[in-house]
Amino acid sequence: MIEDLILKLRKEIIDQLQLEGISPEEVDPDAPLFGEGGLGLDSIDVLELVVLLDKNYGIKIRASKEGPKIFYSVKSIAEYIMNNQKK
Amino acid sequence: MKFTLIYPKWKKLRGQTEFHLPPHGPVVFAAALPKDIEIKFIDENLETIDFDDQADLIGISMMLTSQVKRGWEIADEYRKRGLPVICGGIATMLHAEETSLHADAVFLGEAEGRMEQVLDDFRNNQLRKIYDYLTDFPPIESVGIARRDILKRQLYNYKGIQMVDLFHASRGCRFDCYPCCVSYLGGRKFRPRPFEKVVEELAAIDNNRLYIVDNSLSQDRTWEKQLFTEMIPLKKKWCCHPIDDDDEVLDLAAQAGAWFVYQAIFDISDFIRNRVKRYHDFGIGVEGTILLGLDHHTEDFILRLIDFLLELELDLAEFTVLTPFPHTQAFEDLHGEGRILSYDWNDYTCDKVIFQPKQMSPERLQDLYDEAWKIFYREKPQPYRMFELFKKVIDKEMDDGSYRGEQRTQTKRKFGREKVPS
């Protein structure tokens, strides 16, 4: 279920990105990851997310036009994992 | 002798992700100081100045017009305490007269071979008010290996990623571009450093990622080819200003580790489209630099230009507003026509409209400038584009075995500071 994956992903993202002062529950799954009003992630964080997807889900992200859509929010990452993880 | 060298802080470009590179001018200058001088370097962008710290002589190195007012404040503060101050650097040359009001001495020009005399004068209490070597260039062979050992390297590290080190392979520029003051500062004669010195210095830099700050590498094709050929074995990865559009040159540049190029996007043309494509064809990224506010820039042109940038598939874009720096043709023209609205050098940050544009109001140009950043980064946000560009250099390093990984001990720090909790 995507809700379970979002829950898991929020914790993994906080750990991988070493985000401090924020709990998984405080991460709005629909909020944009970049810019104001979201997590305000930077380029190094994206790199860490790419590592996370490879390490935890076996998904390799190549630089592509779809990248910003995949990394738009926690929910969009979860959806991408659901659609692309090898069964 | 204790010599404290200060690099004053300035306001960074609005809209751009914050970054701090290790300054180049101060480390090149430091190489021109005699070996027995004890240098303490302070980059005020990242450190606080302790004005009560002991020193025999204070040096203030200024690169940008937007640094000078802060530099003068610092000079005044030290002189109040009885410490002598000497100012130098590019911005000192552009603002020599004003700077001399705040300093015991100003040094204009290139420092190699001249500092022994200056320091002797200081020791003999005969420091001159102005040392003017502006058009008297020292032999290029006398440029020593930049003293990067005076930098606190951990300050130029972002979450474990070491920022690029700055390096120069030549001085002077054969071009004389409208908004640029390089021809005034370094002359129009291209002055390449000897290849053996270039290679020696490059090899000594404890960083695989560099920014070659030469004004344009497109000065002399034979030189360019040899430079890249010499660089190939070093496996450095680097960004730079334009490279000649020539198959052999671009191929050698790519082999030598060209990562991305700052390329001015000055019109909507097949020439520009092809220029960007050619870099990409050779695996070299492109950060477009876009100057807004020239006299022929109408509102419609600027909006079409932004659309064009998106078509070009630039890796990054940096927008600036025409800024009439002293000793440029832009200053002469705008000042002569009474169109400069501010002579407050703190406003000369390249993101503020400080002149009367020809085709629109200053407010409209300011709005278009802000819009340009927003539109360009709307679909692909700046952090994502920077990630892509960063990934390119990692891939290149992985391919040739030069990837060093990040510095794990620094992952919780941004430019020397503790990471601010999200």
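Please read these numbers as outputs of a predicted model, since none were measured by experiment. (Residues numbered from 1 in each chain as written. Chains lettered and ligands numbered in written order. Predicted model: local features only at pLDDT ≥ 70, side-chain atom pairs only at ≥ 80, totals over all residues. Heavy atoms only, no water.)

## Quick word on the sheet that holds strand β1 (residues 2–7) of chain B
Through backbone hydrogen bonds, the strands of a sheet pair up, either in parallel or in antiparallel fashion. Residues and elements named next belong to chain B. With parallel pairing, the six strands of this open sheet are ordered in space as β2-β1-β3-β4-β5-β6. Each edge of the open sheet carries a strand with a single partner, namely β2 (38–43) and β6 (130–133). Across this sheet, the average inter-strand angle for adjacent strands is 20°, counted without regard to direction. As paired strands, strand β5 (residues 105–109) and β6 are joined by four bridges and run parallel to one another. Residue pairing in the sheet places Leu108 in a bridge with Asp132 of β6. Seen against the sheet, helix α2 (residues 65–80) touches β1, β3 (57–61) and β4 (85–88) and runs at an angle of roughly 175° to β3. (Pairing = 2+ DSSP bridges. Helix = DSSP H or I, 4+ residues; strand = E, 2+ residues; numbered from the N terminus. Axes fitted to C-alpha atoms, helices over the stretch in contact; angles between N-to-C directions. Contact = heavy atoms within 4.5 Å.)

## Points about the interface of chain B and chain A
Each partner contributes residues to the interface: chain B has 22 residues there, and chain A has 21 residues. Carbon and sulfur atoms make up 61% of the area that chain B and chain A hide from each other, which totals about 2000 Å². At the boundary of chain B and chain A, one finds two salt bridges. Between Asp42(A) and Lys159(B) there is a salt bridge, with its nearest N and O atoms 2.9 Å apart. Our count for the contact surface shared by chain B and chain A stands at three residue pairs in polar contact (both at pLDDT 80 or more). With eight residues, the single largest contributor to the side of chain B that touches chain A is helix α14 (residues 382–400) of chain B. Considering only residue class, the side of chain B that touches chain A consists of 10 nonpolar, two polar and 10 charged. (Buried area = accessible area lost by both parts, 1.4 Å probe. Salt bridge = Lys/Arg side-chain N within 4 Å of Asp/Glu carboxyl O. Polar contact = N/O pair within 3.5 Å; in protein donor to acceptor, adjacent residues only side chain to side chain. Nonpolar A, V, L, I, M, F, W, Y, C, P; charged D, E, K, R; others polar.)

## Focus on helix α13 (residues 362–376) of chain B
When the terminal C-alpha atoms of α13(B) are compared, their 21 Å separation across 15 residues agrees well with the 21 Å that a helix rising 1.5 Å per residue should span. At its buried positions, α13(B) is contacted by β15 (285–292), α11 (299–312), β16 (316–321) and α14 of chain B. (Expected span 1.5 Å × (residues − 1).)

## Here's the deal with the nonpolar core
Among the nonpolar cores identified, the biggest contains 169 residues, and Phe71(A), Phe228(B), Trp238(B), Ile243(B), Ile265(B) and Phe319(B) are the most heavily contacted of them. Per-element tally for this core: the top contributor is helix α2 (residues 43–57) of chain A, with eight residues. Not counting chain neighbours up to four residues away, the residues in contact with Ile265(B) comprise Ile272(B), Val276(B), Gly288(B), Thr289(B), Ile290(B), Leu305(B), Phe308(B), Leu309(B), Leu312(B) and Leu314(B). (Core = buried A, V, L, I, M, F, W, Y, C linked by side-chain atoms within 4.5 Å. Buried < 20%, exposed > 50% of the residue type's maximum accessible area, 1.4 Å probe, protein only.)

## Re a negative patch on the surface
There is a patch of like negative charges on the surface, built from Glu141(B), Glu196(B), Glu200(B) and Glu230(B). Mapped onto the elements, Glu141(B) comes out in the loop between β6 and β7 (157–158). (Patch = residues over 30% accessible without salt bridge, like charges linked within 9 Å, V, L, I, M, F, W, Y side chains within 5 Å. Areas by Shrake-Rupley, 256 points an atom, 1.4 Å probe, with all protein chains shown as cover. Lys, Arg positive; Asp, Glu negative; His and termini not counted. Charge placed at Lys NZ, Arg CZ, Asp CG, Glu CD.)

## Concerning the packing of α11(B) against α13(B)
All names here are of chain B. Direction vectors running N to C along α11 and α13 enclose 15°, while the axes themselves pass 10 Å from each other. Comparing their axes, α13 and α11 come out roughly parallel. As α11 packs across α13, the resulting crossing turns out to be right-handed. In this structure, α11 contributes Glu299, Ile302, Leu303, Ile306, Leu309 and Leu310 to the contact, and α13 contributes Arg364, Leu365, Leu368, Ala372, Ile375 and Phe376. (Parallel < 35°, antiparallel > 145°, perpendicular 65-115°, else oblique. Left-handed = near helix turned anticlockwise from the far one by under 90°.)

## Overview of the pattern of salt bridges
A side chain with one charge can pair with a side chain of the opposite charge if their charged atoms come near. For the structure shown, the criterion picks out 46 salt bridges over all chains. One salt bridge connects Asp15(A) with Lys11(A), and the closest N-O pair in it is separated by 3.0 Å. Taken together, the positions of Asp15(A) and Lys11(A), both in helix α1 (residues 2–16) and four residues apart, correspond to about one turn of that helix. Here the residues in one salt-bridge network are Arg148(B), Arg153(B), Asp165(B), Arg193(B) and Glu201(B), joined through shared partners.

## Here we look at the packing of aromatic side chains
All names here are of chain B. Within the structure shown, the criterion is met by 23 aromatic pairs over all chains. Ring plane angle 35° and centroid distance 5.5 Å describe the contact between Phe107 and Tyr133, whose orientation is recorded as tilted. One end of the pair, Phe107, is in strand β5; the other, Tyr133, is in strand β6, with 26 residues separating them in the sequence. Each member of the pair, Phe107 together with Tyr133, is buried. (Phe/Tyr/Trp six-rings, centres within 6.5 Å; stacked < 30°, edge-to-face > 60°.)

## Points about the packing of α1(A) against helix α4 (residues 74–84) of chain A
Residues and elements named next belong to chain A. Two numbers describe how α1 lies on α4: the axes approach to 9 Å, and their chain directions differ by 115°. The interaxial crossing formed by α1 with α4 has right-handed handedness. Of the residues in α4, those touching α1 at Ile2, Leu5, Ile6, Leu9, Arg10 and Ile13 are Val74, Lys75, Ile77, Ala78, Glu79, Ile81 and Met82. Here the residues of the contact of α1 with α4 sort into 10 nonpolar, no polar and three charged.

## A closer look at the side chain of Asp42(A)
Position of Asp42(A) relative to the elements: it lies in the loop between α1 and α2. Overall, the relative accessible area of 11% leaves Asp42(A) in the buried class. Only 3.0 Å separates the side chain of Asp42(A) from the backbone nitrogen of Ile44(A), close enough to count as a polar contact. A polar side-chain atom of Asp42(A) sits 2.9 Å from a polar atom in the side chain of Lys159(B). Residues contacting Asp42(A), with those up to four places away along its chain left out, are Tyr158(B), Lys159(B) and Pro383(B).

## Brief notes about the layout of surface pockets
In this structure, the second largest pocket spans a volume of roughly 680 Å³. Put simply, the parts of the chain that give the lining of the second largest pocket at least two residues each are α2 of chain A together with β8 (161–162) and α14 of chain B. Tallied by class, residues from the lining of the second largest pocket come to 11 nonpolar, seven polar and 12 charged. (1 Å grid on protein atoms, 1.4 Å probe; cavity = no way out; pocket = protein on both sides within 12 Å on 5 of 7 lines; lining within 4 Å. Points joined across faces, edges and corners; volume = space filled by probe spheres on them.)

## Some remarks on the state of the cysteines
Residues and elements named next belong to chain B. In the structure shown here, the tally under the stated rule is zero disulfides over all chains. With no disulfide of its own, Cys177 lies closest to Cys180 among cysteine sulfurs, the gap being 6.1 Å. Here Cys181 stays unpaired: no disulfide links it, and the sulfur of Cys180, its closest cysteine neighbor, is 5.5 Å away. Residue Cys181 is classed as buried on the basis of its relative accessible area of 13%. (Disulfide = S-S within 2.5 Å.)

## What to know about the pairing of β6(B)
Side chains of β6(B) alternate between two faces, with Tyr131(B) and Tyr133(B) buried and Ile130(B) and Asp132(B) left unburied. Read as a crossover between parallel neighbours, the route from β5(B) over helix α5 (residues 115–123) of chain B to β6(B) is left-handed. (Right-handed = clockwise from strand over helix to strand, strands pointing away.)

## Points about the confidence of the model for chain B
Averaged over chain B, the pLDDT score is 95; the fraction of residues at 70 or greater is 99%. For this predicted complex, the interface score ipTM comes out at 0.88, alongside a pTM of 0.93. (pLDDT = per-residue confidence, 0-100.)

## Quick notes on the sheet that holds strand β14 (residues 258–264) of chain B
All names here are of chain B. Reading across the sheet, the six strands line up as β9-β12-β13-β14-β15-β16 and stay open at both edges, with parallel pairing between neighbours. On the outer flanks of this sheet lie β9 (165–167) and β16, each paired with one strand and no other. Across this sheet, the average inter-strand angle for adjacent strands is 20°, counted without regard to direction. Relative to β16, β15 is paired through six bridges, and the arrangement is parallel. Bridge pairing in β16 places Leu292 opposite Val321.

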